[in-house]
Every structure is written in structure tokens, then in C-alpha cells.
Amino acid sequence: MTADLVSPCRGCQMSRTPCRFGADDFVALSETAARVRLACPAAFEGGPRVAHGGWTAAVFDDVLGRFLVHTGVKSVTATLTVDYLLPVPVEQPLEIHLEIAAREGRRNHLTGVLRLQGSDRDLAVARGVWVELRPGHFERHQARMAELGT
Ligand SMILES: CCCCCCCC/C=C\CCCCCCCC(=O)SCCNC(=O)CCNC(=O)[C@H](O)C(C)(C)COP(=O)(O)OP(=O)(O)OC[C@H]1O[C@@H](n2cnc3c(N)ncnc32)[C@H](O)[C@@H]1OP(=O)(O)O
């Protein structure tokens, strides 16, 4: 696989907006590794000039899941753990390196590291499990919602 652009999530595709987390510059480097260049939008400020931890977790969830779908594996997040090592500045050039660390049946183990561009200091590290969907995943969800009358 040559370096190629990873598509946005369904929500951003449907609304035809840039990635709301700021993760548009997203390229696959191989079948198991990718790189995202991004900045935390000011709207996700948690502390003074510091990213909200929810942005960090959300962007990891988004880019790790998007990359797996890019490789042809339709999947959802089963677990996601984030180690917050240093404050993440807003509106500064950041980079995420991610990889598919292992595949065991329907389970895919992914990792991601967030750094300032040009720095080798980790700001946050994510690890998680994405489970490949069984056919009918969303139909079963709709049926459960219908049972609840929603
Ligand atoms: C939002 C949808 C994305 C859709 C993708 C297609 C569209 C592409 C378009 C554009 C790309 C955009 C991508 C965006 C990225 C965003 C990603 C998200 O935020 S995903 C939303 C949040 N996550 C959920 O909503 C999951 C809710 N949970 C579930 O639905 C189930 O619990 C599920 C599917 C995870 C497992 O249920 P089971 O019934 O299919 O499968 P069982 O038999 O229970 O487990 C299968 C295997 O997974 C392991 N497993 C299940 N849960 C686990 C866990 N918590 N930890 C470790 N392993 C787990 C099991 O041990 C089993 O392993 P063994 O096959 O036996 O080896």
C-alpha cells in the first residue's frame, strides 16, 4: 500500500465538513501504520491553552477506528485506554503515529502516540481493542431501539 489519505468519519462525510477534531491530514504509511498531522481546535480548550482530555480521547478513538476501516476492517471500539503524560497545547502542530499492533480473530489491537510535531516527547499514548463487526450489527441495534419504542 502506498501513502494514501484516510477518509473522514461518517458524520463528517455526511455533513461535508472538515474533521471536527482537526484530523484531516491523515495518511496511511503501510498496511499497519499511519500518521496524522493535526491541531487541537480552540473550541476544545479544557484548561488555559490546554486541550480538554476528552478531545484527546475522542481523536484517538476517531483516527484509530478510521485507519482500521481504511484497511478494510469494519470495526467498532471495544476498549480504549489513554495515558495522559503531558498537557496538550491547543492550536499547535501535533502529530499522531498509530499502528495496528496485532490481530487475533475479530479483535484488533491498536496503539497511538500523540506528540508535538518535531518532538520525540510523548504527550499521550492510546491502546485499544477494535472488534470486527458481525453482519447485521446496525440492524440489531435498530431492532433493540425499536423494542424500546425509540
Ligand atoms: C460508530 C460506528 C463505526 C462503524 C464503522 C463502519 C463505517 C465506516 C465509516 C467511516 C469510518 C469511521 C470510523 C470512526 C471510528 C469511530 C469508532 C467508534 O467510536 S465505534 C463506536 C463505539 N463502540 C461501540 O459502539 C461498540 C459497542 N459494542 C458492541 O457493539 C459489542 O460489544 C462488540 C461489537 C464490540 C462486540 O460484540 P459482538 O457480539 O459482535 O462480539 P462478541 O462475540 O461479544 O466479541 C467478539 C470478540 O471481541 C472480543 N471483545 C468484545 N468486547 C471486548 C472488550 N471489551 N475487550 C476485549 N475484547 C472484547 C470478544 O472476546 C470476542 O473475541 P473472540 O472472537 O472470542 O476472540
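It should be noted that the structure appears before, not after, this text.
Model, not experiment: these values are computed from the prediction.

A.B. asks: Just to check I follow, could you spell out the packing of aromatic side chains for this structure?
C.D. replies: The description of two aromatic rings rests on the distance between their centres and on the angle between their planes. For the structure on display, the rule yields one aromatic pair. Taking the centre distance of 6.0 Å and the plane angle of 50° together, the rings of Phe21 and Phe44 count as tilted. Note that Phe21 is positioned in the loop between α1 (10-15) and β2 (25-28) and Phe44 in the loop between β3 (33-38) and β4 (45-47), a separation of 23 residues in sequence. You can call Phe44 partly exposed: its relative accessible area is 28%.

A.B. asks: What is the right way to look at the environment of Arg37 in this model?
C.D. replies: Within the secondary structure layout, Arg37 lies in strand β3. Considered as a pair, Arg37 and Leu94 are 57 residues apart in the sequence and their alpha carbons are 5.8 Å apart. Among residues more than four places away in sequence, those in contact with Arg37 are Gly22, Asp25, Leu94, Glu95 and Gln117. One polar contact links Arg37 to Glu95, side chain to side chain, over a distance of 2.6 Å.

A.B. asks: Even after reading the chapter, I still don't get the site of the ligand, so can you show me in this structure?
C.D. replies: In the vicinity of the ligand there are 18 residues, among which Asp61, Thr77, Arg106, Arg107 and Arg134 approach most closely. One nitrogen or oxygen atom from the side chain of Arg106 is found 2.7 Å from an oxygen atom belonging to the ligand. Take Arg107: an N or O atom from its side chain is 2.8 Å from an oxygen atom of the ligand. Alone, the ligand offers 1300 Å² of accessible surface; in the complex the protein occludes 56% of this. Of all the elements in the fold, those that place two or more residues in the shell around the ligand are α2 (53-70), β6 (75-84) and α3 (137-147). Broken down by class, the residue content of the shell around the ligand amounts to six nonpolar, five polar and seven charged.

Conventions we followed
- Residues numbered from 1 in each chain as written.
- Predicted model: local features only at pLDDT ≥ 70, side-chain atom pairs only at ≥ 80, totals over all residues.
- Heavy atoms only, no water.
- Phe/Tyr/Trp six-rings, centres within 6.5 Å; stacked < 30°, edge-to-face > 60°.
- Helix = DSSP H or I, 4+ residues; strand = E, 2+ residues; numbered from the N terminus.
- Buried < 20%, exposed > 50% of the residue type's maximum accessible area, 1.4 Å probe, protein only.
- Contact = heavy atoms within 4.5 Å.
- Polar contact = N/O pair within 3.5 Å; in protein donor to acceptor, adjacent residues only side chain to side chain.
- Near = heavy atom within 4 Å.
- Areas by Shrake-Rupley, 256 points an atom, 1.4 Å probe, with all protein chains shown as cover.
- Nonpolar A, V, L, I, M, F, W, Y, C, P; charged D, E, K, R; others polar.

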